[in-house]
2 protein chains.
Amino acid sequence: MKWSEIGGTPCSVARALSVVGDRWVLLVLREAFMGVRRFEDFRSRTGMSRRVLAERLTALVEEGVFERRAYSDRPERFEYRLTAKGRDLYPVLVALLNWGDHWMADEEGPAVELVHDPCGATVHPVQTCPRCGQAIDPRAMTPVLKRDLRAT
Amino acid sequence: MKWSEIGGTPCSVARALSVVGDRWVLLVLREAFMGVRRFEDFRSRTGMSRRVLAERLTALVEEGVFERRAYSDRPERFEYRLTAKGRDLYPVLVALLNWGDHWMADEEGPAVELVHDPCGATVHPVQTCPRCGQAIDPRAMTPVLKRDLRAT
DNA sequence: CGGTATCCCATTTGATACTG
DNA sequence: CAGTATCAAATGGGATACCG
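Right, let's walk through the structure included here. (Residues numbered from 1 in each chain as written. Chains lettered and ligands numbered in written order. Predicted model: local features only at pLDDT ≥ 70, side-chain atom pairs only at ≥ 80, totals over all residues. Heavy atoms only, no water.)

**Some words on the pattern of salt bridges**
- Scanning the model with the defined rule gives 26 salt bridges over all chains in all.
- The residue D106 of chain B makes a salt bridge to R15 of chain A at a minimum N-O spacing of 2.7 Å. Here R15 of chain A lies in helix α1 (residues 12-20) and D106 of chain B lies in the loop between α6 (90-103) and β3 (112-116), a pairing that spans two chains.
- Of the residues examined, D106 of chain B reaches a relative accessible area of 23% and is grouped as partly exposed.
- When the shortest N-O distance is used, the salt bridge between E55 of chain A and R56 of chain A registers 3.1 Å.
- The class for E55 of chain A is partly exposed, based on a relative accessible area of 47%.
- Residue class for R56 of chain A comes out buried when judged on its relative accessible area of 16%.
- One network of salt bridges, with partners in common, ties together R15 and R147 of chain A together with D106 and E108 of chain B. (Salt bridge = Lys/Arg side-chain N within 4 Å of Asp/Glu carboxyl O. Helix = DSSP H or I, 4+ residues; strand = E, 2+ residues; numbered from the N terminus. Buried < 20%, exposed > 50% of the residue type's maximum accessible area, 1.4 Å probe, protein only.)

Below is the structure:
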């Protein structure tokens with residue numbers, strides 16, 4: 001299977017990956033959640049080449065993850081803002097951050113900490129069951145297959 | 001910046017991505033969480049080529065995400081089992097699944113559903129604050145930068 | 001079954017230059 | 001600042017064959 005066909009799969013994970021399953025895209029999203037909106041800021045903070053950044057931003061706008069809007073008319077200048085669809089990717093980034101903090105840490109401690117404004121605590125968010133409120137343990141979850149994941 | 005240097009960054013997201021920031025790797029993990037352990041099963045269920053799969057599995061074993069162990073001596077046969085480090089990637093996969101279910105769905109409904117065994121409910125797990133228990137809203141989170149994300 | 005070895009094409013990307 | 005154009009180099013990946 002070629003990667004370009006992966007989005008046509010019925011699996012939601014694969015479909016999600018067809019949009020955000022790219023190293024650079026995730027790095028761009030990291031910056032977006034840190035408040036970055038402009039091309040040059042994305043570029044300098046991630047270290048991506050212009051070419052790659054331009055291409056990824058275009059694709060993400062097409063996918064509806066970012067909205068491109070002018071913030072200046074003369075000269076024309078654009079910025080990229082997360083849409084609701086884009087904002088919903090927050091849990092993905094947080095999950096990666098948590099895992100990196102736990103398993104890829106060094107002695108100097110994490111570079112970014114997350115403060116939950118309502119309660120003021122510095123936290124690592126946890127996934128819980130919306131029904132019973134318990135923290136999720138992978139071994140207590142049963143995946144139920146409804147369709148062949150490879151079908152078109 | 002080249003991608004190969006990204007793991008040397010102090011950002012936990014980037015470090016996590018240096019291990020799992022690959023399309024195929026995430027697909028392999030998806031299968032692992034569905035109970036798959038053997039080479040041929042990974043291959044047929046993801047549609048990857050042998051070459052790519054072998055390479056990714058080797059790398060993941062080196063990173064400590066999978067453990068390679070013999071399940072038969074004669075002939076010698078191996079299987080790949082998630083380690084604790086690997087199991088901790090579950091929230092990443094679930095976050096992707098949730099997002100895909102919500103934003104990339106089709107009329108036929110999700111291909112995979114998650115049942116929370118303890119309460120028996122089919123759920124989309126949610127991220128909550130471990131301190132106050134509230135569901136996480138990205139806009140209620142403040143990222144606090146402790147170090148330059150691009151430093152070595 | 002569980003890989004490894006080879007070959008070769010397609011895509012990606014980093015560098016650099018250029019533009020409104 | 002916010003890109004686009006171009007090109008050479010590297011990488012990735014499919015196909016196929018082979019082996020214990």
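**Some words on the protein's contact with DNA strand C**
- Residues in contact with DNA strand C amount to 17 residues; listed here are only the nearest, R51 of chain A together with R50, R68, Y71 and Y80 of chain B.
- Counting only the atoms of DNA strand C within 4 Å of the protein, the fraction contributed by sugar and phosphate is 61%.
- R77 of chain B is positioned with one of its side-chain polar atoms (N or O) 3.2 Å from a base oxygen of DNA strand C.
- Contacts to DNA strand C include Y80 of chain B, whose side-chain N or O atom sits 2.9 Å from a phosphate oxygen.
- Elements with a contribution of two residues or more to the surface near DNA strand C: α4 (50-63) of chain A together with α3 (39-46), α4 (50-63), β1 (66-72) and β2 (77-82) of chain B. (Near = heavy atom within 4 Å. Polar contact = N/O pair within 3.5 Å; in protein donor to acceptor, adjacent residues only side chain to side chain.)

**Describing the packing of α1 of chain A against α6 of chain B**
- Between α1 of chain A and α6 of chain B, the least distance of the axes is 7 Å, while the angle of their chain directions is 90 degrees. With respect to each other, α1 of chain A and α6 of chain B are oriented roughly perpendicular. Residues S12, V13, A16, L17, V19 and V20 of chain A of α1 of chain A lie in contact with α6 of chain B, whose contacting residues are L93, L96, L97, W99, G100 and D101 of chain B.
- A class-by-class count of the residues in the contact of α1 of chain A with α6 of chain B yields nine nonpolar, two polar and one charged. (Axes fitted to C-alpha atoms, helices over the stretch in contact; angles between N-to-C directions. Parallel < 35°, antiparallel > 145°, perpendicular 65-115°, else oblique. Contact = heavy atoms within 4.5 Å. Nonpolar A, V, L, I, M, F, W, Y, C, P; charged D, E, K, R; others polar.)

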